[in-house]
Amino acid sequence: MTYLKSMASQMFQSVIAVLRKKDLERHLSSQAVKRHNLTKMWFMKIIDEREKNLDDRAYRNIQELEKYAENTQSALLYLTLETLGVRDVHADHAASHIGKAQGIVTCLRATPYHCTRQKVFLPMDICMLHGVSQEDFIRGKQEKNVRDVIYDIASQAHIHLEHARSFSKKVPVKAYPAFFCTVALDDYLCNVRKVDFNIFHPSLQRKSTLLPLHLYVRSWKKTY
């Protein structure tokens, strides 16, 4: 079994190498890339970070999770800004923090699903700080120390959002559509706070019917 896993892993890595050398070059020569002069570096960062994350292990600390989010979610936002014709240092700064917040929230949202498959990706340093093991999450425990882990991680996402908004007046209005993903992030953070950071609460798995309205209001007010 170990041999088969090793062979499968090697084959998968070979496929990725081929895709990176052939398909990526083809896609980067597409009309959309040429029209908007999209930066190849952001594409490569996304692929490199995804490839490093294939081993399905927990993040060692919150900084490692933020780095992953920066090189994937933030990189996508940088490309979105370029598509909108925005090349501005303040917009990039906001995109960096919003991308990190999005990566953190995505990790939280996916935790109940991953736990059903015996996997936990939450930062180990925060879990250890509160004396929580991966097994506690897999068993769906809801004790205070488990909720404290979620509080600390969610708070970090909130801090990134607030920091991104602290200099919103310096960000070109043209960039705002790229940042409307904050509507869904705010919605989740608000809901997880309402259930006292019980990440397994059933309400967190339901779709929010008010998201379209909140998105419209955010767009109308020209805020993010």
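Before any of the text, the structure's been laid out above.
Overview of the structure. (Residues numbered from 1 in each chain as written. Predicted model: local features only at pLDDT ≥ 70, side-chain atom pairs only at ≥ 80, totals over all residues. Heavy atoms only, no water.)

Some points on empty space enclosed by the protein
Under the definition given, this model contains one cavity of 30 Å³ or more. In this structure, the largest cavity spans a volume of roughly 30 Å³. If you trace the largest cavity, you find it lined by Lys141, Gln142, Val146, Arg147, Ile150, Phe197, Asn198, Ile199 and Phe200. Classifying every residue of the lining of the largest cavity by side-chain character gives five nonpolar, two polar and two charged. (1 Å grid on protein atoms, 1.4 Å probe; cavity = no way out; pocket = protein on both sides within 12 Å on 5 of 7 lines; lining within 4 Å. Points joined across faces, edges and corners; volume = space filled by probe spheres on them. Nonpolar A, V, L, I, M, F, W, Y, C, P; charged D, E, K, R; others polar.)

A short note on helix α9 (residues 182-194)
Given 3.6 residues per helical turn, the α-helix brings residues three or four places apart onto the same face. A rise of 1.5 Å per residue sets the reference length of α9, with its 13 residues, at 18 Å; its end C-alpha atoms lie 18 Å apart and thus fit the reference within 8%. All of the buried residues in α9 are Thr182, Val183, Leu185, Asp187, Tyr188, Leu189 and Val192. Those residues of α9 that are buried are in contact with α5 (89-115), α8 (144-166) and α10 (211-221). The first or second residue beyond α9 is Asp196, which carries a positive phi of 55°. (Helix = DSSP H or I, 4+ residues; strand = E, 2+ residues; numbered from the N terminus. Expected span 1.5 Å × (residues − 1). Buried < 20%, exposed > 50% of the residue type's maximum accessible area, 1.4 Å probe, protein only. Contact = heavy atoms within 4.5 Å.)

Focus on the side chain of Arg218
Position of Arg218 relative to the elements: it lies in helix α10. Among residues more than four places away in sequence, those in contact with Arg218 are Arg165, Phe180, Thr182, Val183, Asp186, Thr223 and Tyr224.

Let's talk about the packing of α8 against α9
Remark: α8 packs on α9, axes separated minimally by 11 Å, with the N-to-C direction vectors making an angle of 145°. Considering only the axes of α8 and α9, their crossing is left-handed. In contact with Ile150, Ala154, Ala157, His158, Leu161 and Arg165 of α8, α9 contributes Thr182, Leu185, Asp186, Leu189 and Val192. Of the residues that constitute the contact of α8 with α9, the class distribution is seven nonpolar, two polar and two charged. (Axes fitted to C-alpha atoms, helices over the stretch in contact; angles between N-to-C directions. Left-handed = near helix turned anticlockwise from the far one by under 90°.)

Looking at a nonpolar patch on the surface
On the surface, Leu210, Leu213, Tyr216 and Trp220 cluster together into a nonpolar patch covering about 510 Å² of accessible area. Position of Leu210 relative to the elements: it lies in the loop between α9 and α10. For Leu210, a relative accessible area of 46% corresponds to the partly exposed category. (Patch = residues over 30% accessible without salt bridge, like charges linked within 9 Å, V, L, I, M, F, W, Y side chains within 5 Å. Areas by Shrake-Rupley, 256 points an atom, 1.4 Å probe, with all protein chains shown as cover. Salt bridge = Lys/Arg side-chain N within 4 Å of Asp/Glu carboxyl O.)

A closer look at the pattern of salt bridges
The tally for this structure, following the rule as stated, stands at 11 salt bridges. Residues Lys144 and Asp148 are paired through a salt bridge, measuring 3.0 Å at the closest nitrogen-oxygen approach. Residue Lys144 and its partner Asp148 are both found in helix α8; the two are separated by four residues, about one turn of the helix. We note a salt bridge from Asp186 to Arg165, for which the minimum N-O separation is 2.5 Å. Linking Asp186 in helix α9 with Arg165 in helix α8, this pair joins segments that are 21 residues apart in sequence. We classify Asp186 as partly exposed; its relative accessible area is 22%. Salt bridges sharing partners connect three or more residues here, namely Glu162, Arg165, Asp186 and Arg218.

Describing the packing of aromatic side chains
In the structure shown here, the tally under the stated rule is five aromatic pairs. On the numbers, 5.2 Å between centres and 65° between planes, the contact of Phe179 with Tyr224 is edge-to-face. Taken together, the residues span a long stretch of sequence, with Phe179 in the loop between α8 and α9 and Tyr224 in the segment after α10 at a distance of 45 residues. The same class applies to Phe179 and to Tyr224, which are both buried. (Phe/Tyr/Trp six-rings, centres within 6.5 Å; stacked < 30°, edge-to-face > 60°.)

Section: the environment of Leu76
On the secondary structure map, Leu76 appears in helix α4 (residues 62-83). In this structure, the C-alpha to C-alpha distance between Leu76 and Trp42, residues 34 residues apart in sequence, is 7.3 Å.

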